[in-house]
Amino acid sequence: MNARLLPYVLILPVTLFLCLFFLYPFVLVAKQAFTTGAGATLDNFREVVSYWKFPISLRNTLLLAVAVVPIQLALSLLMATMVTRMEKGRDMVLYIWTIPLGISDLAAGLIWLAIFEQSGFLNSMLHGVGIVDKPVNLLTFQNPGIVFVAIMLAEIWRATAIMLVILVAGIGLIPKEYYEAAEVFGASPWKRFLRITLPMLRPSLQTALVLRVIMAFEVFAVVAALGGTLFPVLMGETYAYQFDLLNSGAAAAMALIILAISIAATLVILRALRVPKRATI
Amino acid sequence: MAEIQIKNVAKRFGAYQALHNINLTIADQEFMVLLGASGCGKTTLLRIICGLETATEGEVWIGGRRVDHLAPKDRGIAMVFQNYAVFPHLTVFENIGFGLRMQKLPDDEVKRRVERVAGLMHIEMLLKRYSGELSGGQRQRVAVARALAMEPDVILMDEPLSNLDALLRMEMRAELKGVLAESKTTAVYVTHDQVEAMSMADRISVMHQGKIVQAASPIEVYRNPAAEFVASFIGNPPMNFLQATSAGDGKWTVAGRVVDGPKGAGKPLQFAIRPEDMQPANEGLKARVRIVEPLGAHLLVTCDVDGAMFRAVLDSDMVVKPGEILTLAPQPDRVRWFDPETTLAVA
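A brief structural summary. Within any chain, residue numbers begin from 1 and follow the written order of that chain's sequence. Each chain is given a letter, starting from A, and each ligand a number, starting from 1, according to the order in which they appear as written. Selection of residues for local features in this predicted model requires a pLDDT of at least 70, selection of side-chain atom pairs for listing and counting requires 80 or more, and totals for whole chains, interfaces and linings are taken over all residues. Only heavy atoms go into the side-chain values, all of them from the structure, while hydrogens and water stay out.

1. Digging into the packing of aromatic side chains
Residue and element names in this part refer to chain A.
Then, in step 1: Stacked, tilted and edge-to-face pairs are distinguished by plane angle, under 30 degrees for stacked and over 60 for edge-to-face with tilted covering the rest, among Phe, Tyr and Trp rings (Trp via its six-membered ring) whose centres lie within 6.5 Å. Scanning the model with the defined rule gives 18 aromatic pairs over all chains in all.
Then, in step 2: Ring geometry for Phe 17 against Phe 21: centres 5.1 Å apart, planes inclined by 45 degrees, an arrangement best described as tilted. One end of the pair is Phe 17 and the other is Phe 21, both in helix H1 (residues 6-33) and four residues apart, which spans about a single turn. Across the pair, exposure class does not vary: Phe 17 and Phe 21 are exposed alike.
Then, in step 3: With a centroid separation of 6.3 Å and an interplanar angle of 65 degrees, the aromatic rings of Trp 112 and Trp 157 are classed as edge-to-face. Of this pair, Trp 112 sits in helix H5 (residues 105-116) while Trp 157 sits in helix H7 (residues 144-172), and the two are 45 residues apart along the sequence. A run of H or I in DSSP counts as a helix once it spans at least four residues, and a run of E counts as a strand once it spans at least two, with each numbered from the N terminus. Only protein chains enter the accessibility calculation, which uses a 1.4 Å probe; a residue is then buried when its area is under 20% of its type maximum, exposed when over 50%, and partly exposed in between.

2. Notes on the sheet that holds strand S8 (residues 186-191) of chain B
All names here are of chain B.
Then, in step 1: Strand pairing follows a simple DSSP-based rule, namely that at least 2 bridges must link the two strands. Strand order across the open sheet formed by six strands is S6-S7-S8-S3-S9-S10, with mixed pairing between neighbours. Across the chains shown, the open sheet's two edge strands, defined by having one partner strand only, are strand S6 (77-80) and strand S10 (211-216). Averaged over all adjacent pairs, the angle separating strand axes in this sheet is 20 degrees, with direction ignored.
Then, in step 2: Where strand S3 (residues 31-35) and S8 come together, five bridges link them in parallel fashion. Opposite Leu 35, over in S8, you have Thr 191 as the bridge partner.
Then, in step 3: Should any heavy atoms of two residues lie within 4.5 Å, those residues are considered in contact. Lines fitted to C-alpha atoms define the axes, with helix axes restricted to the stretch in contact, and inter-axis angles between N-to-C directions lie between 0 and 180 degrees. Sheet strands touched by helix H5 (residues 136-149): S6 and strand S7 (154-158). Its angle to S6, the strand with the most contacts, is close to 175 degrees.
Then, in step 4: Relative to the sheet, helix H6 (residues 166-183) contacts S3, S7 and S8, its axis offset from that of S7 by approximately 160 degrees.

3. Observations regarding the side chain of Gln 270 of chain B
All names here are of chain B.
Then, in step 1: Tracing the chain through its elements places Gln 270 in strand S14 (residues 269-273).
Then, in step 2: Judged by relative accessible area, which is 14%, Gln 270 ranks as buried.
Then, in step 3: When near neighbours in sequence (up to four residues on either side) are disregarded, Gln 270 contacts Glu 228, Phe 241, Leu 242, Gln 243, Arg 336, Trp 337, Phe 338 and Pro 340.

4. Thoughts on the interface of chain A and chain B
Then, in step 1: Taken together, the 20 residues of chain A in the interface contact 29 residues of chain B.
Then, in step 2: When chain A packs against chain B, the two sides together hide about 2,300 Å² of surface, and 66% of this comes from carbon and sulfur.
Then, in step 3: When a carboxyl oxygen of Asp or Glu is within 4 Å of a side-chain nitrogen of Lys or Arg, the pair counts as a salt bridge. The interface formed by chain A and chain B contains one salt bridge.
Then, in step 4: Residue Glu 180 of chain A pairs with Arg 47 of chain B through a salt bridge whose shortest N-O separation is 2.6 Å.
Then, in step 5: Polar contacts, as counted here, are pairs of nitrogen or oxygen atoms within 3.5 Å of one another; within protein the pair requires one atom able to donate a hydrogen and one able to accept it, and residues that are adjacent in sequence qualify only if both atoms are side-chain atoms. Remark: the boundary between chain A and chain B carries three residue pairs in polar contact (both at pLDDT 80 or more).
Then, in step 6: Among the elements of the structure, helix H8 (176-184) and helix H9 (189-200) of chain A are those that each provide at least two residues to the side of chain A that touches chain B.
Then, in step 7: Looking at which element gives the most residues to the side of chain A that touches chain B, the answer is H8 of chain A, with seven residues. Accessible-area loss on putting two parts together, using a 1.4 Å probe and summing over both, is the definition of buried area adopted here.

5. Some remarks on the pairing of strand S17 (residues 308-315) of chain B
Residue and element names in this part refer to chain B.
Then, in step 1: The sheet contact formed by strand S16 (residues 298-305) and S17 spans eight bridges and is antiparallel. Residue pairing across strands places Cys 303 opposite Phe 310, the latter belonging to S17.
Then, in step 2: Counting the residues that bridge the hairpin from S16 to S17 gives two residues, and of these Asp 306 lies at a positive phi of roughly 55 degrees.

6. Here we look at the pattern of salt bridges
Residues and elements named next belong to chain B.
Then, in step 1: Taken as a whole and assessed by the stated rule, the structure comprises 29 salt bridges over all chains.
Then, in step 2: In this structure, the salt-bridge partner of Glu 283 is Arg 257, at a minimum N-O distance of 3.5 Å. Of this pair, Glu 283 sits in strand S15 (residues 278-294) while Arg 257 sits in strand S13 (residues 257-260), and the two are 26 residues apart along the sequence.
Then, in step 3: Judged by its relative accessible area of 56%, Glu 283 falls in the exposed class.
Then, in step 4: One connected set of salt bridges, linked through shared partners, spans Glu 109, Arg 112, Arg 113, Arg 116 and Glu 151.

7. A short note on the sheet that holds S17 of chain B
Residue and element names in this part refer to chain B.
Then, in step 1: The strand order across the open sheet built from four strands is S17-S16-S15-S18, with neighbouring strands paired in antiparallel fashion. With one partner strand each, in any of the chains shown, S17 and strand S18 (325-330) form the two edges of the open sheet. Taking the axes of each pair of neighbouring strands and ignoring which way they run, one obtains an average angle of 55 degrees across the sheet.
Then, in step 2: Taken together, the seven bridges between S15 and S18 define a ladder with antiparallel strand orientation. Note that in S18 the partner of Lys 286 across the bridge is Thr 327.

Shown next, in the form of structure tokens:
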């Protein structure tokens, strides 16, 4: 086999798979989004954007991403730094912290619903210690703040570990000698984190943030479980168009809008955290 | 003034004793080399002086100040690492200025100092580059410049030349020695390369199994090894050893010949002589030649004397063939004696 050809032959199966099950459906969705019975048009986009719930769901989705992702970034950096410094029990702690990764997002939503609902753990506890006389319904339209916080907590609990594992792997790749050199030349632990860990972690931070931000724009099941219709998000609206309103064209348009937002966010992250080619090892 | 004093330093890693009761004084502006095979504790000792490792017992003093409880940055030291540890995400300028930035020196002072040491190390033209754009030798220069920029009292170096190719190593050896002498800092230099140690050091501390076996000038270490280990570790090829049995007061039998030796009689000793300290003569040790290696400058002959391996460095004009019997006369003032029980030198 020609050695120059071999790599292409080896990636052929996965390329075909992706073309068949990803690219082809994607083209179909795109076609659906840009056509109605009357031919090529932007009507589907006009329809979904002008609907009164669109600005709300867009705002909610972005707000949730802006509230959750920075907290997760800080938490995962902190957790990754802690895990890296552990000498014993490191793997054990890492496994426990990554348990939420193995749970589906709907299940995660239901777990937190079990905490926050009227007969849930939180109410039982508050009632038990006498803070409230009778269980209160927290997740109602009267408490939009609590609904938002509940969704935030569930999202943080569910999806911090994906960033954590990427960052732990990334930190593990930074040679110890850089830290020792920084220490000898007078960098405090905080300065070492700022001047060594963060810059050298940029490739991992890129990956972690891109993955997490895309997940944030696709948030659906957790919101559905905890907020129901109280907290409309883009993906929820897409679902509604497809299955409640049976309007596939509008659902496809929504899907493309989410895709566009994801691509835009990815480009911003890649640009902001890029490592100049000259500065790599 | 930055004299380094190491007092009763010991280091244990769990059950493993890496250093045993080390006592060493390194004079101000002295170039001290810690020499030994890998695992002898030389790097551990350097890291204890540096503060990257804490001694289990003992004290470290630098410039009359006890420093073993201070952070590395408060010890007045700078270090050159084996793999250079030149930060890949910073330019050469920012690498050299890293320590100065941490001290929050004003920009113009940082610039002045970085440019001065860059000039010293001949890397002025590389200041805008990144580590990935440098060769190994250039990275090495950046690492040294970064240490010099701190204007430290003490520079610590952990096998700084071991990753360079042979030719570059020789060049950097001489250059480093010159730059350090000029900077008037005390230097502690770890290496396993005896040539590096001999050529650079004011004094060599030979280490073995977590102990300093001998600390003396290179020529003293070479001529008068304090122990068999030093005699066999330093010198290429190493010293020859032969069994010697007492033949009366001050007389010893070596390979069937009686030679003068230490006063007193009794238990056997080891007779030792360097390969280059022998001449073919009419009277001397009978040596059966096994291997002849012409090395250009001289002839390395491996022989068999009294059943023991014995090497001699002879003039390259000599014609010697395997199987031949040579008669080698040791230079009397170069003969050394060791006690086989303690392995220490006997006067």
